[in-house]
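Now for the letters of each chain:
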Amino acid sequence: MIVPDLDLLIFAYNDMSEFHQEARAWWEELVNGTGTIGIPWQVSNGFVRQMANSRVVEKPWTPAQATRTVAEWFGSDHIVTLDPGPRYLEILEHILATTGATTRLVPDATIAALALENGAEVHTHNARDFQRFPSLLCQNPLLQR
């Protein structure tokens, strides 16, 4: 299972991003593939919020446009919501305690805990922060393009 981080999804849909073409190719490959993609709600909600924010994208979408895009993702059989399971808080607490993560890293730690609980790999442009979390598989797929 692949867990996309918000940054790559913003790049994939923001055609003004310097990373747009690479991110778009990465996302289309995942969406058109058959492997499971698990999207945490905080990533979906962040996508709606950020794509409608003129400080993030030069041509902001309406929240309704962004929400429709998220709905399209979940219309695919191999794209699922990634919800916390019974071990989520235990894993999150362990990550925060062992890494000394500051409040700035808590959003990344929550995604990492979901990925660890589900045996998934995080795809992010910010692999440096995610690599702080022990045992987490993560990569920056844009480096390979």
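To keep things clear, this report deals only with the structure shown in the data block. Worth saying up front: this structure is predicted, and the values here are computed from it rather than measured.

Considerations on unusual backbone geometry
We note that S135 has phi near 70°; this positive angle belongs to a residue other than glycine. With respect to the helices, strands and loops of the structure, S135 is situated in the loop between helix 7 (127–130) and strand 5 (137–139). Residue S135 is classed as exposed on the basis of its relative accessible area of 68%.

Here's the deal with helix 3 (residues 41–51)
Note that an α-helix has 3.6 residues per turn; residues three or four places apart therefore point the same way. Among all positions of helix 3, only V43, S44, G46, F47, V48, Q50 and M51 are buried. On its buried face, helix 3 sits against strand 1 (2–4), helix 1 (6–13), strand 2 (37–40), helix 4 (63–74) and helix 6 (106–117).

Quick word on helix 6
In a regular helix each residue adds 1.5 Å, so 12 residues correspond to 16 Å; helix 6 covers 16 Å between its end C-alpha atoms and thus fits that length. For helix 6, the tally of buried residues reaches nine of 12 residues, placing the bulk of the element in the interior. Burial in helix 6 covers these residues: D108, A109, T110, I111, A112, A113, L114, A115 and E117. Backbone geometry just downstream of helix 6 places G119 in the positive-phi region, at approximately 60°.

Some details on the packing of helix 3 against helix 4
Packing of helix 3 against helix 4 brings their axes to within 8 Å, and their N-to-C directions diverge by 150°. The hand of the helix 3/helix 4 crossing is right-handed. On the side of helix 3, the interface is formed by W41, S44, F47, V48 and M51, while helix 4 contributes P63, A66, T67, T69, V70, W73 and F74. A class-by-class count of the residues in the contact of helix 3 with helix 4 yields nine nonpolar, three polar and no charged.

A few points about the nonpolar core
It is characteristic of soluble globular proteins that their nonpolar side chains tend to be buried jointly. The biggest cluster of nonpolar side chains holds 43 residues, and the ones touching the most others in it are W27, F47, W73, V122, F130 and L136. In this structure, W27 is in contact with P4, L9, A12, Y13, I37, I39 and W73, ignoring residues within four places of it in sequence.

What counts, and at which threshold
- Residues numbered from 1 in each chain as written.
- Predicted model: local features only at pLDDT ≥ 70, side-chain atom pairs only at ≥ 80, totals over all residues.
- Heavy atoms only, no water.
- Helix = DSSP H or I, 4+ residues; strand = E, 2+ residues; numbered from the N terminus.
- Buried < 20%, exposed > 50% of the residue type's maximum accessible area, 1.4 Å probe, protein only.
- Contact = heavy atoms within 4.5 Å.
- Expected span 1.5 Å × (residues − 1).
- Axes fitted to C-alpha atoms, helices over the stretch in contact; angles between N-to-C directions.
- Left-handed = near helix turned anticlockwise from the far one by under 90°.
- Nonpolar A, V, L, I, M, F, W, Y, C, P; charged D, E, K, R; others polar.
- Core = buried A, V, L, I, M, F, W, Y, C linked by side-chain atoms within 4.5 Å.

Just geometry here; none of it tells us what the structure is for.
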